[in-house]
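Descriptive analysis of the structure
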Amino acid sequence: MSSEKDDLRRMRVLGAQLHQHNFRYHILDDPQISDAEYDRLLRELQQLEKHYPESIDPDSPSHKVGATWEPEDFVADRLPPVEHAVPMLSLENAMAPEELQEWLNRVRKGLELDDDAPDPPMTVEYKFDGVAVSILYEDGVLVQAATRGDGFTGEEVTSAVRTIRSVPGLLRGETPPTTIELRGEAILKTADFEALNAARGDDENLFANPRNAAAGTLRQLDPRIAAQRPLDVIIYGVGQQHGIDLRSQQDLFEMLPRWGFDATPFFRKASSGEELLSLYEDVLESRGELPFEIDGLVIKVDGAKLREKLGMRARSPRWAVALKFPPHQETTRLLDIQVQVGRTGALTPVAHLEPVQIGGVTVSRAGLHNPKEIERKGLMIGDTVVVQRAGDVIPQVVKPVESLRDGSEQEFHFPKTCPVCDEPVWYPEEEVIPHCQNLQCPDQIRGRIEHFAARRALDIDGLGEKLIDQLVSEGMVKTPSDLYRLETARVATLDRMAQKSAENLIAALEQTKQRPFARLLHALGIRHVGERVAELIVESQHDIDTLMSASVETLEQIDEVGPAIAASVTDFFSRESVRQEIESLRDAGLKMKAEGSARATDAEGPLSGLTVVITGTLPNLSRDEAKDVIIAAGGKVTASVSKSTDLLLAGDKAGSKLEKAEKLGVEVIDEDQLRQRISDAQAP
Ligand code: IVH
């Protein structure tokens, strides 16, 4: 006879297994079990749910159908919080061999070792340069994955982690532990990172380094996009464990392959400081050949007993230390310094270098930031220079090697006129970055159009850098609204274009007329107004006319909008050329009003005049449904809690918004109370 407790556990396991199979079937298109086996599991779950209706998981796969939505590259601002049962600590750093010895001395003292006693057993692993993740298995089923966050509360990234091929959804083996939380680093291999960036194309969308790309992928809301990016997780530790007792790194690394994980790429034992240093030298030498980035070694005292004896400091264990590598450096020649013009007119110097391999990546350019920086470093054209890369795509020039100068080097003078349009260079007050003020400067135009067309902005399919170059140099496009006046026949005459591709471009432009107002606002390229700020602004200023007449004070009321952003927005809309451009875009038919905003302000109802924020998972309504209910009742829905919020509608796993609401004394209600309010008000 099975007890109720067993049944409830079985329900949970079945639910997780079915989620996993749904995911493999619908999203990865790579099922692991037959349809018949799937049906058997589903029926078993439905049987149990009939027995225990009060314990049905609202998210149960028994009442879900497959995923049918279109893939959308959308990165979450905030994900549901996950509290770590065992805090995810960080590591103390040793920047040099001497600091390693100091750590080892403290360990010896902590373990009360006599002077003549040998060092304790230690293990050595790579320090992977990625993002820490915790992966929780219950009865062998992957049920939750989370980021480290502040060490106590992370963010839930289960769906993205389920797409990672090196993370088994079900642990292999006969008797999995009841609970095992594995911790490791999510990384992207260098080659995959470069391929991902190459595919992303335009400068704005490039990931700075593999670590950022891994972090961005974990935050992907669409698992199908996450699945296209080959993340790996390398496990290096254990959080909570029940029904198993892993007591050393050796224990862990022996279990991992049996459960279906890859063997860890590097694991050594060491029993003295000398051994550690010699391993350090070896790995430092060969790290450039590794397929992924590491930024040092992690040394851990092995064995649960010793670790317990050593204990913790505030944020890091005393039993482990990260022995960091210096950043990758090479020398090469500084061939030239060229000045680039950005879309805002900023003039930035860029070092052109003789191509050199640094840590597996070919480097031929390095940002120099501003003229002062060149002066400070004392760089001359023709210098041999030290260049370094700490994981970044655009590396840095550290310094010239003055001893190698032969007198042929030339001083660099920042141009007095814009290298593209020849207008005099302007130095804004209190800024080190010189500007070209000519709004008609072709590079600025190019930059603005590229920004307008970018994926995160209006996402104009097929309008890439090369086509923009042609459109701008042919004088066909000077402002974004010119795009909407393009004619197929004329576009078809451009290089590498034909009737069909021209028609596609015009059709793609037509589609942008359906993009939400916030995307257009972001696309306009107002200084300091990125994707998120644009959304927040649109939530309070529903249409372009309201926004254009908003004062600095009004804008500053918006959450996350400070004086600099507010001033930048009002300044932007005060320009005559901008106002004309807005009218042209309006005539072209672009959306200049937030969806549903008419209803939001017009509807009369029980929630009239109230501003509501939604947080957490509601028992019955999806967020969109809740939003509809509130708007229909006359309320307004905004994204973040502020002084002007009247109600917080909170569901399960409500996080920082709930805290903020409580702090500000905002009334918090649940879904039931929301229904109550609406039906009370409507009762005769
Ligand atoms: S052990 C309590 N091992 O480094 C020990 N961490 O600054 C916690 N990391 O957040 C971590 N490789 O993401 C450990 N082999 C390794 C590691 C590793 C990379 C990361 C980890 C952590 C950070 C600590």
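Residues numbered from 1 in each chain as written. Predicted model: local features only at pLDDT ≥ 70, side-chain atom pairs only at ≥ 80, totals over all residues. Heavy atoms only, no water.

This paragraph deals with the confidence of the model for the protein. Mean pLDDT over the protein: 88, with 93% of residues reaching 70 or higher. Scored below 50 in pLDDT, residues 65-71 makes 12 contacts in the model with residues more than four places away or belonging to other chains. (pLDDT = per-residue confidence, 0-100. Contact = heavy atoms within 4.5 Å.)

As a further point, take the nonpolar core. One recurring pattern in soluble globular proteins is that nonpolar side chains are buried together. Counting residues in hydrophobic clusters, the biggest one holds 57 residues, and the most contacted among them are Ile460, Leu463, Leu483 and Phe573. Contacts of leucine 483, omitting those with residues within four sequence positions, involve Ile449, Phe452, Ile460, Leu463, Leu471, Val477 and Leu509. Grouped together as the second largest cluster of nonpolar side chains are 34 residues, Val133, Leu142, Leu182 and Leu246 included. (Core = buried A, V, L, I, M, F, W, Y, C linked by side-chain atoms within 4.5 Å. Buried < 20%, exposed > 50% of the residue type's maximum accessible area, 1.4 Å probe, protein only.)

On to the packing of aromatic side chains. Enumeration over the complete set of coordinates arrives at nine aromatic pairs. Taking the centre distance of 6.1 Å and the plane angle of 65° together, the rings of tyrosine 126 and phenylalanine 292 count as edge-to-face. Here tyrosine 126, found in strand β3 (residues 122-128), pairs with phenylalanine 292, found in the loop between α9 (273-286) and β10 (294-301); they are 166 residues apart in sequence, far enough to count as distant. Like tyrosine 126, the residue phenylalanine 292 is buried in the burial classification. The lysine or arginine in question, arginine 307, covers the ring of tryptophan 319, its NZ or CZ lying 4.0 Å from the ring centre. (Phe/Tyr/Trp six-rings, centres within 6.5 Å; stacked < 30°, edge-to-face > 60°. Helix = DSSP H or I, 4+ residues; strand = E, 2+ residues; numbered from the N terminus. Lys NZ or Arg CZ within 6 Å of the ring centre and 35° of its normal.)

In a disulfide, the sulfur atoms of two cysteines are held together by a covalent bond. Enumeration over the complete set of coordinates arrives at zero disulfides. The structure places no disulfide on cysteine 421, whose sulfur is separated from the nearest cysteine sulfur, that of cysteine 436, by 3.6 Å. Summary of cysteine pairing: cysteine 441 is not part of a disulfide, and the nearest cysteine sulfur, belonging to cysteine 421, is at 3.8 Å. The class for cysteine 441 is buried, based on a relative accessible area of 0%. (Disulfide = S-S within 2.5 Å.)

A few words now on the pattern of salt bridges. Taken as a whole and assessed by the stated rule, the structure comprises 32 salt bridges. The closest approach of N and O atoms between glutamate 155 and arginine 219, which form a salt bridge, is 2.6 Å. Linking glutamate 155 in strand β6 (residues 153-155) with arginine 219 in the loop between α6 (210-218) and α7 (223-228), this pair joins segments that are 64 residues apart in sequence. A salt bridge links lysine 513 to glutamate 510, with the nearest nitrogen and oxygen atoms 3.0 Å apart. (Salt bridge = Lys/Arg side-chain N within 4 Å of Asp/Glu carboxyl O.)

Once that is clear, we can look at the sheet that holds strand β7 (residues 179-188). Read across the open sheet, the four strands follow the order β5-β4-β7-β8; overall the sheet is antiparallel. Bordering the open sheet on either side are β5 (141-147) and β8 (231-242), each of which pairs with just one other strand. Here the strands of the sheet are splayed against their neighbours by 25° on average, with no regard to which way each runs. Direction of pairing for strand β4 (residues 131-138) relative to β7: antiparallel, over a ladder of eight bridges. Pairing of valine 133 across the sheet is with glycine 184, part of β7. The strands that helix α8 (residues 249-259) touches are β7 and β8; relative to β8, the one it contacts most, it runs at about 120°. (Pairing = 2+ DSSP bridges. Axes fitted to C-alpha atoms, helices over the stretch in contact; angles between N-to-C directions.)

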